[in-house]
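A look at the structure
Spelled out, the chains give:
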Amino acid sequence: ISVTGVQTCALPICRDAGLGCAAMVEIRAEITANVWKIVVDEGQAVAEGDEIAILESMKMEIPVVTETPGIVRELHVTEGQTVREGDLIALIDES
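Small disclaimer: the values here were computed from a predicted structure and weren't measured. (Residues numbered from 1 in each chain as written. Predicted model: local features only at pLDDT ≥ 70, side-chain atom pairs only at ≥ 80, totals over all residues. Heavy atoms only, no water.)

**Description of the sheet that holds strand β7 (residues 51-57)**
The strand order β8-β7-β5-β10 describes an open sheet built from four strands, whose pairing is antiparallel. The outermost strands of the open sheet, each flanked by one partner alone, are β8 (60-65) and β10 (82-83). Bridging between β7 and β8 involves six bridges; their strand directions are antiparallel. Across the sheet, S57 pairs through a bridge with M60, a residue of β8. (Pairing = 2+ DSSP bridges. Helix = DSSP H or I, 4+ residues; strand = E, 2+ residues; numbered from the N terminus.)

Right, here's the structure in full:
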């Protein structure tokens, strides 16, 4: 996922909640930064290219976008939190 010159990592995973397998995509941080703003809520529908969060590093705002349309199932960060490379930001349900 391209994020203004930075790459975030979107990895498909499979969760079985007893009703079959739902395709989930992990949105992960590619750099160490502070979470400046969470743009979406859990349960919200997102389209390809929608912002999930905005990170801040060295006074630069770095939008985290999704290339996967779906529903935001889980947010794993809060505003003001520091994330490191590879930290999970959100799970998107693409089913």
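Next comes the rest of the write-up.
**Some thoughts on the environment of A47**
Structurally, the position occupied by A47 is in the loop between β6 (45-46) and β7. When the C-alpha positions of A47 and T66 are compared, they lie 7.5 Å apart, and in sequence the two are 19 residues distant. Each residue touching A47, except ones within four places of it in the same chain, is listed here: T66 and P69. (Contact = heavy atoms within 4.5 Å.)

**Re unusual backbone geometry**
The phi torsion at M58 lies on the positive side, around 55°, for a residue other than glycine. Examined against the element boundaries, M58 turns out to sit in the loop between β7 and β8. The exposed category is assigned to M58, whose relative accessible area is 73%. (Buried < 20%, exposed > 50% of the residue type's maximum accessible area, 1.4 Å probe, protein only.)

**Description of the pattern of salt bridges**
On inspection of all chains with the given rule, the structure shows two salt bridges. Across the pair E26 and R28 runs a salt bridge whose closest N-O atoms are separated by 3.0 Å. A salt bridge links R73 to D93; the nearest nitrogen and oxygen atoms lie 3.1 Å apart. A residue pair is termed long-range when its members are at least 10 positions apart, and R73 in strand β9 (residues 70-75) and D93 in strand β11 (residues 88-93) qualify at 20 residues. (Salt bridge = Lys/Arg side-chain N within 4 Å of Asp/Glu carboxyl O.)

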